[in-house]
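Summary of structural features
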Amino acid sequence: MAKKNSRRDGGYKKEPKEFEEEVLQIARVTRVVKGGRRLRFRATVAIGNRKGRVGVGVGKASEVVSAIQKAVSRAKASLIDVPITKGDTIPHTVRMKYKAAQMIILPASPGTGVIAGGSLRKILHLAGVKNVLSKNIGSRNTLVTAQAAIKALQVLRPVKESHAKKVEDKKNKPLDDQVLKGEAGEENKKGKKPVENMEKKEKAPVDDKPNKTTKKDIPQNDK
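These figures come from a predicted structure and were not determined experimentally. (Residues numbered from 1 in each chain as written. Predicted model: local features only at pLDDT ≥ 70, side-chain atom pairs only at ≥ 80, totals over all residues. Heavy atoms only, no water.)

**So, the sheet that holds strand β7 (residues 114–115)**
For clarity, the threshold we go by: Whether two strands pair comes down to DSSP finding at least two bridges between them. Strands are runs of DSSP state E lasting at least two residues, helices are runs of H or I lasting at least four, and both sets are numbered from the N terminus onward. Residue contacts are defined here by distance: any two heavy atoms, one from each residue, within 4.5 Å place the two residues in contact. Angles run from 0 to 180 degrees between N-to-C directions of axes, and those axes are lines fitted to C-alpha atoms, restricted for helices to the stretch in contact.
Spatial strand order, β5-β6-β8-β7: 4 strands in an open sheet with mixed pairing. Each edge of the sheet is formed by a strand with only one pairing partner; in this case those strands are β5 (94–98) and β7. Where β5 meets strand β6 (residues 101–107), 5 bridges bridge the pair, whose relative direction is antiparallel. Note on β6: the bridge partner recorded for lysine 97 is glutamine 102. With respect to the sheet, helix α3 (residues 142–155) is in contact with β5, β6 and β8 (132–136), its orientation differing from that of β5 by roughly 140°.

**A look at the pairing of strand β2 (residues 36–48)**
Judged from the 13 bridges that link them, strand β1 (residues 20–33) and β2 form a sheet pairing that is antiparallel. Following the sheet pairing, valine 29 is matched in β2 by arginine 40. Connecting the antiparallel pair β1 and β2 is a turn made up of 2 residues. Across 8 bridges, the pairing between β2 and strand β3 (residues 53–61) is antiparallel. Paired with alanine 43 across the strands is glycine 59, a residue of β3. Once β2 ends, the chain turns through 4 residues before running back antiparallel as β3, passing arginine 50 with a positive phi of about 60°.

**What about the pattern of salt bridges?**
Note the threshold: The working definition used for a salt bridge is a side-chain nitrogen of Lys or Arg within 4 Å of a carboxyl oxygen of Asp or Glu. Type-normalised accessible area, obtained with a 1.4 Å probe on protein chains alone, sets the label of each residue: buried when under 20%, exposed when over 50%, and partly exposed for intermediate values.
The tally for this structure, following the rule as stated, stands at 3 salt bridges. A salt bridge links lysine 17 to glutamate 21; the shortest N-O distance between them is 3.9 Å. Lysine 17 sits in the exposed class, given a relative accessible area of 64%. Arginine 50 is paired through a salt bridge with glutamate 20; the nearest N and O atoms lie 3.0 Å apart. With a gap of 30 residues between them, arginine 50 in the loop between β2 and β3 and glutamate 20 in strand β1 connect regions that are remote in the sequence.

**So, helix α1 (residues 64–77)**
Which entries qualify depends on this criterion: Helix span is expected to be 1.5 Å times the residue number reduced by one.
Taking 1.5 Å per residue, 14 residues should reach 20 Å; α1 reaches 20 Å between its end C-alpha atoms and fits that length. The inward-facing, buried residues of α1 contact β1, β2 and β3.

Set out below in structure tokens:
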């Protein structure tokens, strides 16, 4: 009697992974021991769900597959949350110096894309950032750059709704009101009274009576 196949006609379906994985680097490293050199592989892996969660892990093993598995498990243990605005960008500018790496990450308008390179580009894609500007000034090492990128994203703080509301109100105000307020503020700094107070100030009363003349004021004719 033929055995029944446990799989259906549709085939085996893989469950969707919670995080996407991206191998940043696989390096061959050696350790000097008593008997000679010990060869191993070091894998640097970044994971993310493209919704604001991202992490980087490093794993070492004698085989590449096991090194990647170790790196993924360590990346899951060190996940961070990245605040993303409505325009799919970061809320503010970040400058980070970590070891020999120096990088600047700036927010960008919609449609700009991810202007970055190396491991920073892959990490930003996995985090879900779609519009950003960046510049790497220091080291080009993949591992150090990835660690610096995670440190920089950790510093980000979400913009408060109240602050965003104030900015929008300021933009919607007419230009004349902003100019008048700016002039009044400058006059206050210099010690002068603002324009509004000058208008409210009442004019001094003028006497209608004619001035009295004295004898000294009248010129005397020479005799």
